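A closer look at the structure
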2 protein chains.
Amino acid sequence: MDGHRHEVRERIRASLPAELARPTDHLGTEEHRALTTQRLRALAALGDHLDGFSADVGGREDIGAQTVDFEMLGHVDLSLTIKSGVQWGLFAGAIQALGTERHRRAHLPGALDGSLLGCFAMTETGHGSDVASLRTTATYDAHTEEFVIHSPDPQARKDYIGGAARDARAAVVFAQLRSLGEAHGVHAFLVPVRDEAGDPLPGVTLLDCGRKAGLNGVDNGRILFDSVRVPREALLDRYGSVATDGTYSSPMASRNARFFTTLGALVKGRVCIGGGALAATRTALAIAVGYAERRRQFPRAGGAGEEVLLLDYRTHQRRLLPALATTVALGFAQDELTEQLHEVQNPVLRGASADSEAQRRLEARAAGMKATATWHASATIQAAREACGGAGYLSENRLGQLKADTDVFTTFEGDNTVLLQLVAKGLLTAYRDSFEDLDTLGTARAATAQLVATLASRTQARQLVGRITEVAPGRDETAELLDREWQLRTLQWRERRVLETLATRMRRAKKAGADAFTISNDVQDHLVLAARAHVAREVAEAFDRAVRACQDPQARALLSRTLDLHVLADLEADRAWLLERGWITPARSKALVRAVNDLCAQLRPHASRLVAGFGIPDEWLQAAVLQD
Amino acid sequence: MDGHRHEVRERIRASLPAELARPTDHLGTEEHRALTTQRLRALAALGDHLDGFSADVGGREDIGAQTVDFEMLGHVDLSLTIKSGVQWGLFAGAIQALGTERHRRAHLPGALDGSLLGCFAMTETGHGSDVASLRTTATYDAHTEEFVIHSPDPQARKDYIGGAARDARAAVVFAQLRSLGEAHGVHAFLVPVRDEAGDPLPGVTLLDCGRKAGLNGVDNGRILFDSVRVPREALLDRYGSVATDGTYSSPMASRNARFFTTLGALVKGRVCIGGGALAATRTALAIAVGYAERRRQFPRAGGAGEEVLLLDYRTHQRRLLPALATTVALGFAQDELTEQLHEVQNPVLRGASADSEAQRRLEARAAGMKATATWHASATIQAAREACGGAGYLSENRLGQLKADTDVFTTFEGDNTVLLQLVAKGLLTAYRDSFEDLDTLGTARAATAQLVATLASRTQARQLVGRITEVAPGRDETAELLDREWQLRTLQWRERRVLETLATRMRRAKKAGADAFTISNDVQDHLVLAARAHVAREVAEAFDRAVRACQDPQARALLSRTLDLHVLADLEADRAWLLERGWITPARSKALVRAVNDLCAQLRPHASRLVAGFGIPDEWLQAAVLQD
């Protein structure tokens, strides 16, 4: 299941020392931070991180490989994963993406070899999701040809900044650029924050966020700027620059375009977080499935002999196997996303400008996958912990730390709920555009589709829809549920239908005179639903492509069954929605529940094989329950 | 919302120092353990724990108060809560419940004043849920009049034992009693494990479970016994004793009855864990709701003025408010359960024997509530963490530690999945009994109910059922959803229907010749569903009684609306099941989703008032985000 970057994965499997996977949650905060920094330097020596940088600074210009590097590191040490993500993904990554050659030559060599540790100061106490409203200011002073970086109020304090508490010498600071009395929006500045001795520079206040629920190897902190002066060249000016006299200029068409291009250049971070979440999920499942294949409890009812293996219990299968199937599914989707990222961003790394339409698609997919993969990680690692009982609670079995370390993944690099709303709003725009652009034939088709949808929504039409979508009475209900074509058609229809009704609701609310906030707030849950339905369809289609591309007939059959379980467990969880809209009858809905149970039983003998497909080296697992 | 024990709660609010609520997850394991032990001794001096003991050892004989003590402690320091639960609930509690006067006089004074710290050694590496299969042996040697306590194999190792790693001088050890070549099943023995200097006694091996995901103030460890000899009097012999010559005798009618009576005496532990879980949930919601009332993000769409408060967003309301309503609901149910425990067990504490039917009902309710309240805690604290974004991840805001500390609540004192299956099996037995005992009128009623249920399950009958259960077209769908009578009837019907179909499935499988394991394993998910439906009905009815008992009209109206949200959010989550069985139509199902949204909006202005109703002293909250 390695996907497109098998060789990269194999290289990392061979190069990362297994000791990195040992639990570290017994360490004190300072000790853990010191260890992580030391490991970061060792990682710098390995050199994998060079994959993501341009050749002019010694980079290997392979963004796809860099993304897989990050994901693989997620199997062993999540603090190190995030620490390196801050250093090379965010700090050095921002210099690479938002700076120009001058910045690269001056700062990237040190950032890459670890001699210049940095941080990425975007989020503030008062604003995280709403980046456009950041309060830190960067005011150009034409007399001294300097920017004045300033935190005007407590809400402007940079917060949760990885590296700020202990290690960072410099920060990429996002601030509102002002020059000649005019505001130009959020820009990034390279600002030194500590001297060689590690003390804060004048005007810079550095605070420690202290202990966290997890990721305690990363030194998150807070930064306040009291009129700190930096040279004009501190502006990372790829998308906007200030001349010595204070004149502002930008290659971008509008302020809005500039803002979204600046943020869009950082899309790699979201792709990486999704990948890291999947790595942790795989590790957790490998431990929980391994335990469930060893641990026995209760004598066999009415029988003699050995006690029953946990994985033979239906409730235990229900806890682990649909999650396992979905982890496989998300893995294939993540693999495709990584290649998509590579195709769009690698040329940019080599100096080309981004294809804006391809970039837009990439951002939407990255946002949807990040939210989906990180929530899946939270739920699955939790289920894995519970499935290992008391053993799952001991640090020696890693599950607690995996849960704690990945918990914030649902929040950082974009809060999941906010991200899914962005995805849905993008879909809505595309949907409206497609209506506006329709030729005659298109209009006719769309009208028919809408008619069917409208009919389906009416109780009276349920019989009709039933006849269309239901198998004849007496036929095996399960047969069609296992029909791949039906599965994918259902996911496509759900996505489309949720979107159509969303558009209708918003149109109606507008006609009824609702204010803009009420219109968008009342449909928030609908927006999230639309994004979920969209991602679910994309993930299933990616899995389907992977199944069809699989050459080995046995592996293909197993993967196909795994895809069945993934899709049907999703539809089972959402069957109320399908019933409400008449897509399935009550009889088929019940058959769905049975089918998921049956698929769990069918896949149960292959669970360990699927886990083996994750390709986690045994010595990386480091869970005490797997050692005997 | 204090319920029956308002004065006890007030006493504890006034007596527990607020500093106990400060985060402790930055402490090293040994430091945290030392602090917790020190706090345990301070707690001993306060004396609240005496509530749960008999007057002959200075106890106050008030089990209800003891249970509330535990719950209130859960608001401040969960390690201390569990540490004290081990010392006074499990260790001293087992001596009180399973021992006789001799044991009480010899050991309880020290156990109560903290001079004799103990542990409760039931669970083994190989057996936790299946207590009957424990492997530790206690073989009586009539020559020396001693029991020989022995761990015959690695699976017999006592595991996860709170107190074993550091503090415990003595252990209540559960072991298979053998005498004169005969096995008599699991009994409890009081076994010294450390000398005065804290070193393990000869034959006793004590190991440390090390760091855990949470509760690191509790020193969990492992114990192995190598033919350790203890005097005959070490057997806690209330329900079974061995004469000097090795003759075994018991006041119980059967070995089975003895086993369940022994375990049943420990039911208080489960009640306490549910209460502690609720306390942690309340704290988490108080923090998250408080934050959502302060934190603003994004300008108002299409409007000017202040940014929008998080709690004004529908997605945020959806995250917190149904969970808040359910927390209120579970609080009332827990209050009733506490009184039920008091009524059944307080007379036993005073020397009476238990009313076995009342004890059975108590055990079933305690098991169901423990599973429900602890899973609710896990999900709600997780939601609260995410709802506070990055701030929720910092230890200074407590949510991470609340989550980590309560995570194992779903596992210990009985794995939730196993507990719910026990509850369902009890219901099934009662259901069968009720059919056998029916008089003529009863039979007729049951037959009618079954006919209606059967009709409802048939697709063809949906129109008919629709007419019965549905409002007339054009009438407001929501009206009946808010009818309390309809709500409770729906919960009652669901419970009954799940149980009936469960019984039918099992009967059919048996007729079809399935083996005993297959029969029970195939319905495991159905068993869990039946227990959930049962608990849901009980919880809603408890809440309904509390609403009807409320004297203040304003408070009553608010509580009534909160109950609406609790019930409708439950039904919304389960609406597929209701649709499949024709209890609701698709139109009503959609109305259910709208009703939950509307109720969230209606309760939103009262969220802080509901949280205030939890009565958590401000100085106990200790979350940095609430300090400004």
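Along each chain, residue indices are assigned from 1 in the same order as the chain's sequence is written. Following the order in which they are written, the chains are lettered starting with A and the ligands numbered starting with 1. Side-chain atom pairs in this predicted model are given and counted only at pLDDT of 80 or more, local residue features only at pLDDT of at least 70, and totals for whole chains, interfaces and linings cover all residues. Water and hydrogen atoms play no part in the side-chain values, which are based on all heavy atoms of the structure.

Attention now goes to the overall build of chain A. For chain A, the helix and strand inventory stands at 23 helices and 11 strands. Values of the radius of gyration come from C-alpha atoms, whereas the globule rule sets the reference at 2.2 Å times the count of residues to the power 0.38. Relative to the compact-globule value of 25 Å for 628 residues, chain A shows a C-alpha radius of gyration of 26 Å, a close match. Its C-alpha atoms put chain A at 85 × 65 × 40 Å along the principal axes. Each residue is placed in one exposure class: buried if its accessible area under a 1.4 Å probe, protein chains only, is under 20% of its type's maximum, exposed if it is over 50%, and partly exposed if it falls in between. The proportion of buried residues among the 628 residues of chain A is 62%. To measure how exposed things are, a 1.4 Å probe is used in the Shrake-Rupley method; for residues, cover is taken only from the protein chains shown. Per element, the accessible surface of chain A, about 23,300 Å² overall, is 53% carbon and sulfur. Runs of E in the DSSP output that reach at least two residues are strands. Runs of H or I that reach at least four are helices, and both are numbered from the N terminus.

Moving on to the sheet that holds strand E7 (residues 204–208) of chain B. As a general point, the strands of a sheet are linked pairwise by backbone hydrogen bonds and lie either parallel or antiparallel. All names here are of chain B. One bridge is not enough; two strands pair if DSSP finds at least two bridges between them. The sheet built from three strands is open, its strands ordered E4-E8-E7 with antiparallel pairing. With partners counted over all chains shown, the strands left at the sheet margins are strand E4 (158–162) and E7, one partner each. Within this sheet the neighbouring strands show an average axis-to-axis angle of 35°, counted without direction. For E4 and strand E8 (residues 220–225), the ladder comprises three bridges, and the chain directions are antiparallel. Each residue of the ladder has a partner; that of Ile161, found in E8, is Gly221. Helix axes are fitted to C-alpha atoms over the stretch in contact, other axes to C-alpha atoms as well, and angles between N-to-C directions run from 0 to 180 degrees.

So, on to the interface of chain B and chain A. The contact criterion used is simple: two residues touch if any of their non-hydrogen atoms lie within 4.5 Å. Each partner contributes to the interface: chain B provides 81 residues, whereas chain A provides 81 residues. Buried area: the accessible surface (1.4 Å probe) lost by two parts on joining, summed over both. Counting each side, the surface lost to burial between chain B and chain A is near 6,600 Å², with a carbon and sulfur contribution of 48%. Of all residues in chain B, the largest losses of buried area upon contact with chain A belong to B:Tyr393, B:Phe517 and B:Glu580, amounting jointly to 12% of the total for that side. When a carboxyl oxygen of Asp or Glu is within 4 Å of a side-chain nitrogen of Lys or Arg, the pair counts as a salt bridge. At the boundary of chain B and chain A, one finds eight salt bridges. The residue A:Asp522 makes a salt bridge to B:Arg314 at a minimum N-O spacing of 3.8 Å. The term polar contact refers here to a pair of N or O atoms within 3.5 Å; inside protein, the definition further demands a hydrogen-donor-capable atom paired with an acceptor-capable atom, and it admits residues adjacent in sequence only when both atoms are side-chain atoms. One can count 60 residue pairs in polar contact (both at pLDDT 80 or more) joining chain B with chain A. Ranked by residue count, the leading element in the side of chain B that touches chain A is helix H21 (residues 586–603) of chain B, at six residues. For this classification, Asp, Glu, Lys and Arg are treated as charged, while Ala, Val, Leu, Ile, Met, Phe, Trp, Tyr, Cys and Pro are nonpolar and the rest, including Gly, are polar. Here the residues of the side of chain B that touches chain A are counted per class, giving 25 nonpolar, 28 polar and 28 charged.

With that settled, consider the relation of the copies chain B and chain A. Taken as rigid bodies, chain B and chain A are interconverted by a rotation of 180° and an axial shift of 0.0 Å, the fit giving an RMSD of 0.0 Å. Look at the turn and shift together and you get a two-fold axis relating the two. Identified as the residue of chain B closest to the rotation axis by C-alpha distance is B:Ala576, at 2.0 Å. When the interface residues of chain B are mapped onto chain A, 99% of them again fall at the interface, so both copies present the same face. A least-squares superposition brings the copies together, and it is based on the C-alpha atoms of residues with pLDDT no lower than 70 in both.

Residues and elements named next belong to chain B. Listing the buried residues of helix H1 (residues 6–15) in full gives Val8, Arg9, Ile12 and Arg13. Buried residues of H1 fall within an arc of 135° about the axis and therefore sit on the same side. Every exposed residue of H1 that faces more than 90 degrees away from the buried side is listed here: Glu7 and Ala14. Buried residues along H1 sit against helix H3 (63–73) and helix H23 (618–621). Regarding the arc, it is the one traced by the directions from the helix axis to the C-beta atoms.

Our next topic: the packing of helix H8 (residues 314–349) of chain B against H21(B). Residues and elements named next belong to chain B. As a packed pair, H8 and H21 sit with axes 10 Å apart at the nearest point and diverge in direction by 85°. Regarding the angle of H8 to H21, the classification is roughly perpendicular. Every residue of H21 that contacts H8 at Arg314, Gln317, Arg318, Leu321 and Pro322 is listed here: Val593, Val596, Asn597, Cys600, Ala601 and Leu603. A per-class count over the contact of H8 with H21 returns seven nonpolar, two polar and two charged. Here the angle decides the label: under 35 degrees means roughly parallel, over 145 means roughly antiparallel, 65 to 115 means roughly perpendicular, and every other value means oblique.

We now examine the sheet that holds strand E7 (residues 204–208) of chain A. Residue and element names in this part refer to chain A. Across the sheet, which stays open at both edges, the three strands sit in the order E4-E8-E7 with antiparallel pairing between neighbours. This sheet does not close on itself; its edge strands, each paired only once, are strand E4 (158–162) and E7. Mean inter-strand twist for the sheet, computed between neighbouring axes without regard to direction, equals 35°.

Turning next to the pattern of salt bridges. Summed over all chains, the structure comprises 107 salt bridges over all chains. The partner of B:Arg33 in a salt bridge is B:Glu30, with the nearest N and O atoms 3.0 Å apart. One end of the pair, B:Arg33, and the other, B:Glu30, are both in helix H2 (residues 29–46), three residues apart, so they sit about a helical turn from each other. Residue class for B:Arg33 comes out buried when judged on its relative accessible area of 1%. When the shortest N-O distance is used, the salt bridge between B:Lys83 and B:Asp219 registers 2.7 Å. Taken as a pair, B:Lys83 in helix H4 (residues 78–98) and B:Asp219 in the loop between E7 and E8 lie far apart in primary sequence, 136 residues in all. The exposure class assigned to B:Lys83 is buried, which follows from its relative accessible area of 6%. Through salt bridges with shared partners, a single ionic network connects A:Glu30, A:Arg33, A:Lys83, A:Arg166, A:Asp167, A:Asp208 and A:Asp219.

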